[in-house]
Amino acid sequence: MNTRKFILLLALAMAAVGIAAFALMAVKDRTYVASEAYAPVGEPNRAVAVVYYSRSGHSEAVAREVARTFNAPIARISADYPLDFSGQGKAVSDANAGELPRIEVGHIDLDRVRRLFLVSPIWMFRPATPLWAYVEQANLMGKEIVLVTTGNSRFEQTEIDAFARRVEARGGHFIHHLFLRRGRIYWQKSREDLLAETRARIRDLR
Ligand SMILES: Cc1cc2nc3c(=O)[nH]c(=O)nc-3n(C[C@H](O)[C@H](O)[C@H](O)COP(=O)(O)O)c2cc1C
């Protein structure tokens, strides 16, 4: 094979891999991955609670696992980021602009809660915008806050520090950030591995 032909074939192969990755990403972004339902057994733990946002289900699975570990009540934050390109585009632009969306939060009684786990995906290197919106409307006075995030790759510590400052401004004590890296598109952790890592890493926070 001559050099020109080889370069052409290589370029075509690379383009095919790129298109396949993009298509896979688009499909994954539109897919909500359900997790096992959770409700506290008997009398719930009153000292711990979990509040979470999840667009495609992974942070929801983690949030439920945290809640299950502590037999804690749990509430979901809802926000309008549909599972399509428009939703993804809005998520990117709101995250970049620090724009807070309108949210709705499931009922949860935080009065006696001592430690609150806030769970969310990372968007543009920072917790997703619905979690910031939640902090602005929640009464966190005197509560220990543990931030748990899921992401494909990485976060920026400066963004976590800024989030911690908002928590402190609302009266909470930011005590820990736990980042669960799910991995890039071709080598993502299985759901089982993600939940096993969640359990292992919250063990120290009991
Ligand atoms: C708009 C957008 C931006 C993202 N930015 C990041 C990022 O900066 N770092 C990262 O590790 N993952 C990033 N991700 C990947 C998600 O954090 C990851 O897939 C997460 O586990 C999804 O959680 P969910 O299923 O609970 O929505 C981004 C995803 C979206 C949709």
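Residues numbered from 1 in each chain as written. Predicted model: local features only at pLDDT ≥ 70, side-chain atom pairs only at ≥ 80, totals over all residues. Heavy atoms only, no water.

With an unreviewed UniProt entry as reference, the protein is termed Flavodoxin/nitric oxide synthase, source organism Microvirga tunisiensis.

(A) Structural detail: the domain arrangement of the protein. Per the domain assignment, the segments of the protein are domain 1 (1-30) and domain 2 (33-205). Between domain 1 and domain 2, the C-alpha centre-to-centre distance is 35 Å. (Domains from an automatic or database assignment.)

(B) Inspection of the packing of helix α4 (residues 129-137) against helix α5 (residues 157-169) at higher detail. Two numbers describe how α4 lies on α5: the axes approach to 9 Å, and their chain directions differ by 20 degrees. Considering the angle they form, α4 stands roughly parallel to α5. Judged by residue contacts, L131, W132, V135 and E136 of α4 engage E159, A162, F163, R166 and V167 from α5. (Axes fitted to C-alpha atoms, helices over the stretch in contact; angles between N-to-C directions. Helix = DSSP H or I, 4+ residues; strand = E, 2+ residues; numbered from the N terminus. Parallel < 35°, antiparallel > 145°, perpendicular 65-115°, else oblique. Contact = heavy atoms within 4.5 Å.)

(C) Structural context of the pairing of strand β6 (residues 144-151). Counting buried positions over the eight residues of β6 gives seven, a clear majority of the element. Judged from the eight bridges that link them, β6 and strand β7 (residues 173-181) form a sheet pairing that is parallel. Bridged to T150 within β7 is L180. Each parallel crossover has a hand, and the one from β6 via α5 to β7 is right-handed. (Buried < 20%, exposed > 50% of the residue type's maximum accessible area, 1.4 Å probe, protein only. Pairing = 2+ DSSP bridges. Right-handed = clockwise from strand over helix to strand, strands pointing away.)

(D) Inspection of the site of the ligand at higher detail. Near the ligand, the surroundings consist of 20 residues, among which S54, S56, I122, T150 and S153 are the closest. Separating an oxygen atom of the ligand from a side-chain N or O atom of S56 is a distance of 2.5 Å. S59 is positioned such that a nitrogen or oxygen atom in its side chain is 2.7 Å from an oxygen atom of the ligand. Isolated, the ligand exposes 650 Å² of accessible area, and the fraction of that covered by the protein chains is 90%. Of all the secondary-structure elements, those providing two or more residues to the shell around the ligand are α2 (58-70), α3 (85-97), β4 (115-123) and β6. The dominant element in the shell around the ligand, judged by the number of residues it contributes, is β4, at three residues. For the shell around the ligand, the per-class residue count stands at seven nonpolar, nine polar and four charged. (Near = heavy atom within 4 Å. Polar contact = N/O pair within 3.5 Å; in protein donor to acceptor, adjacent residues only side chain to side chain. Areas by Shrake-Rupley, 256 points an atom, 1.4 Å probe, with all protein chains shown as cover. Nonpolar A, V, L, I, M, F, W, Y, C, P; charged D, E, K, R; others polar.)

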